[in-house]
Amino acid sequence: MAEFTQEQLLELVNTSQVAAGNPRVRQVAQRVVSDLFRAIDDLDVSPDEFWAGVNWLARLGASGQMGLITAGLGFDRLLDIREDEADAKAGRAAGTPRAIEGPLYIAGAPLSEREVRVDEAPQRGEVLVMEGRVLDTDGRPVAGALVDVWHANEKGRYSHFDPDQKDFALRRKIRTGADGSYRFRSFVPPGYAIPPNSPTSELFSALGRHGNRPAHIHFLVAAEGQRTLTTQVNIPGDTFLDDDFAFATRDGLVVTLEPNTAPAGYESLDVREPFTRVRFDFVMQKASSDDEARPAARMERVAA
Ligand code: DHB
Ligand code: FE
């Protein structure tokens, strides 16, 4: 048989098989292909439109910007919402809310004990010290937790995705002290925007959407026996706080800025003038499996 209707073709695509393959991949691919066949027919997608889409996907992949699209189309937040729902159902919704990792995490940042200067002299923007403790859901300090922190530079760009910055610029890891404490110095970061003149910006302009995120700082917090926490905090007052292109801001994660904090006690971070302080405790859930406590970001998790 070499003449097929649409339905017969789809059936063949979804059922042809010479080996077991991977049943889960087969299941998901069958569903996605079926939904796309239907969309093409319902929307009367022309060959030119279809191949323009494929060309855009190829350029998107080559640009390394796939992760920017997933966040902007809501998939990253969707996965968080689904995990929140699963936690609520299992009666384990507790601790600091999760917030998307985003596509710009890099593993292997330099590690310091208890405190670190995340930025480098000369000072850019307003001096920020963020400090607090890592706690478990019973309020006990988590000693030896790893707090991985990363944020954008004064132009809203991230090192490793920006040729103008050194490796691991604005990326550090801090190990909490016996009392669960951590602190770091940096500057109050600005907001972020998707790269202009890129496959990503093409999509968002065609959708009539902006590609801005409000000012934020990312964290990946890991400790033995605790569930790895991926979250972000937001700087208050940003115009995009309630209009984040990645839909990732959350109640409870907008910090309070304490401007004009006296520098006494912050000498080890080279703070000599009044500065902006943020106090924030991270509260981690108990891990329910070894896997949950694995100190790994999302790409490290799938690679393992
Ligand atoms: C994107 C960028 C970020 O800095 C972030 O935290 C999340 C998403 C993005 O470009 O998709
Ligand atoms: Fe970010």
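Keep in mind the model is a prediction, meaning the values are calculated, not measured. (Residues numbered from 1 in each chain as written. Chains lettered and ligands numbered in written order. Predicted model: local features only at pLDDT ≥ 70, side-chain atom pairs only at ≥ 80, totals over all residues. Heavy atoms only, no water.)

**A few points about the overall build of the protein**
Counting its secondary structure elements, the protein contains 8 helices and 13 strands. Viewed in the frame of its principal axes, the protein has a C-alpha envelope of about 80 × 45 × 30 Å. Relative to its full complement of 304 residues, the protein shows a buried share of 42%. For the protein, the proportion of contacts with a sequence separation of at least 24, taken over those separated by at least 6, is 72%. (Helix = DSSP H or I, 4+ residues; strand = E, 2+ residues; numbered from the N terminus. Buried < 20%, exposed > 50% of the residue type's maximum accessible area, 1.4 Å probe, protein only. Contact = heavy atoms within 4.5 Å.)

**Some remarks on a negative patch on the surface**
Taken together, the side chains of Glu7, Asp41, Asp44, Asp48 and Glu49 define an acidic patch exposed on the protein surface. Assignment of secondary structure puts glutamate 7 in helix α1 (residues 6-15). When its relative accessible area of 59% is taken as the criterion, glutamate 7 is described as exposed. (Patch = residues over 30% accessible without salt bridge, like charges linked within 9 Å, V, L, I, M, F, W, Y side chains within 5 Å. Areas by Shrake-Rupley, 256 points an atom, 1.4 Å probe, with all protein chains shown as cover. Salt bridge = Lys/Arg side-chain N within 4 Å of Asp/Glu carboxyl O. Lys, Arg positive; Asp, Glu negative; His and termini not counted. Charge placed at Lys NZ, Arg CZ, Asp CG, Glu CD.)

**As for helix α5 (residues 75-89)**
Over its 15 residues, α5 extends 21 Å from the first C-alpha to the last, a length consistent with the 21 Å expected when each residue adds 1.5 Å. All of the buried residues along α5 are Asp76, Arg77, Asp80 and Asp87. End-on, the buried residues of α5 take up no more than an arc of 90°, which puts them together on one face. Seen from the buried face of α5, the exposed residues on the opposite side, beyond 90 degrees, are Leu79, Arg82 and Lys89. For α5, the secondary structure elements touched by its buried residues are α4 (66-72) and α8 (298-303). Directly after α5, the chain includes glycine 91, whose backbone phi takes a positive value near 65°. (Expected span 1.5 Å × (residues − 1). Arc of directions from axis to C-beta.)

**Focus on the coordination of the iron ion (ligand 2)**
The protein atoms donating to the iron ion (ligand 2) are Tyr158 (OH), His216 (NE2) and His218 (NE2), with metal-donor distances spanning 2.0 to 2.1 Å. Written as a sequence motif, the donor arrangement for the iron ion (ligand 2) is Y-x57-H-x1-H. Residue tyrosine 158 is located in the loop between β4 (146-150) and β5 (171-175), and its partner histidine 218 is located in strand β9 (residues 216-222); the two are separated by 60 residues in the primary sequence. Histidine 218 matches tyrosine 158 in its accessibility class, with the two residues each being buried. (Donors = N, O, S within 2.8 Å, 3.2 Å for Na, K, Ca; no water.)

**Section: empty space enclosed by the protein**
Enumeration over the complete set of coordinates arrives at 1 cavity of 30 Å³ or more. Roughly 100 Å³ of internal volume is contained in the largest cavity. Surrounding the largest cavity, 14 residues form its lining, Pro103, Leu104, Tyr192, Arg213 and Phe245 being those nearest its centre. Contributions of two or more residues to the lining of the largest cavity are made by α4 and β9. A per-class count over the lining of the largest cavity returns 10 nonpolar, 3 polar and 1 charged. (1 Å grid on protein atoms, 1.4 Å probe; cavity = no way out; pocket = protein on both sides within 12 Å on 5 of 7 lines; lining within 4 Å. Points joined across faces, edges and corners; volume = space filled by probe spheres on them. Nonpolar A, V, L, I, M, F, W, Y, C, P; charged D, E, K, R; others polar.)

**Description of the packing of helix α3 (residues 47-63) against helix α6 (residues 199-206)**
Their axes nearest at 9 Å, the elements α3 and α6 cross at an angle of 135°. Considered as vectors, α3 and α6 are oriented oblique to each other. Along its contact with α3, which presents Trp56, Arg59, Leu60 and Ser63, the element α6 presents Pro199, Thr200, Glu202 and Leu203. Tallied by class, residues from the contact of α3 with α6 come to 4 nonpolar, 2 polar and 2 charged. (Axes fitted to C-alpha atoms, helices over the stretch in contact; angles between N-to-C directions. Parallel < 35°, antiparallel > 145°, perpendicular 65-115°, else oblique.)

**Observations concerning the pairing of strand β6 (residues 181-187)**
With 7 of its 7 residues buried, β6 lies for the most part within the structure. Taking every second residue as pointing to the same face, both faces of β6 are buried, with Ser181, Arg183, Arg185 and Phe187 on one and Tyr182, Phe184 and Ser186 on the other. As judged from the 3 bridges shared by strand β2 (residues 115-117) and β6, these two strands associate in the parallel manner. By the bridge assignment, arginine 117 is partnered in β6 with arginine 185. Relative to β6, strand β3 (residues 127-136) runs antiparallel, the two sharing 7 bridges. Residue pairing across strands places glycine 132 opposite tyrosine 182, the latter belonging to β6. (Pairing = 2+ DSSP bridges.)

**What to know about the packing of aromatic side chains**
This model, assessed by the stated rule, comprises 10 aromatic pairs. Ring centres of phenylalanine 204 and phenylalanine 245 lie 5.2 Å apart, and the angle between their planes is 80°; this geometry places the pair in the edge-to-face category. Here phenylalanine 204, found in helix α6, pairs with phenylalanine 245, found in the loop between β10 (229-234) and β11 (258-261); they are 41 residues apart in sequence, far enough to count as distant. Note on accessibility: phenylalanine 204 and phenylalanine 245 belong to one class, buried. (Phe/Tyr/Trp six-rings, centres within 6.5 Å; stacked < 30°, edge-to-face > 60°.)

**Comments concerning unusual backbone geometry**
Backbone torsion omega between alanine 121 and proline 122 reads 0°, so that peptide bond is classified as cis. Secondary-structure assignment places proline 122 in the loop between β2 and β3. If you check the backbone angles, leucine 170 has positive phi at about 60° while not being a glycine. Inspection of the secondary structure puts leucine 170 in the loop between β4 and β5. For leucine 170, a relative accessible area of 2% corresponds to the buried category. Although it is not a glycine, phenylalanine 247 adopts a positive phi angle of roughly 55°. Tracing the chain through its elements places phenylalanine 247 in the loop between β10 and β11.

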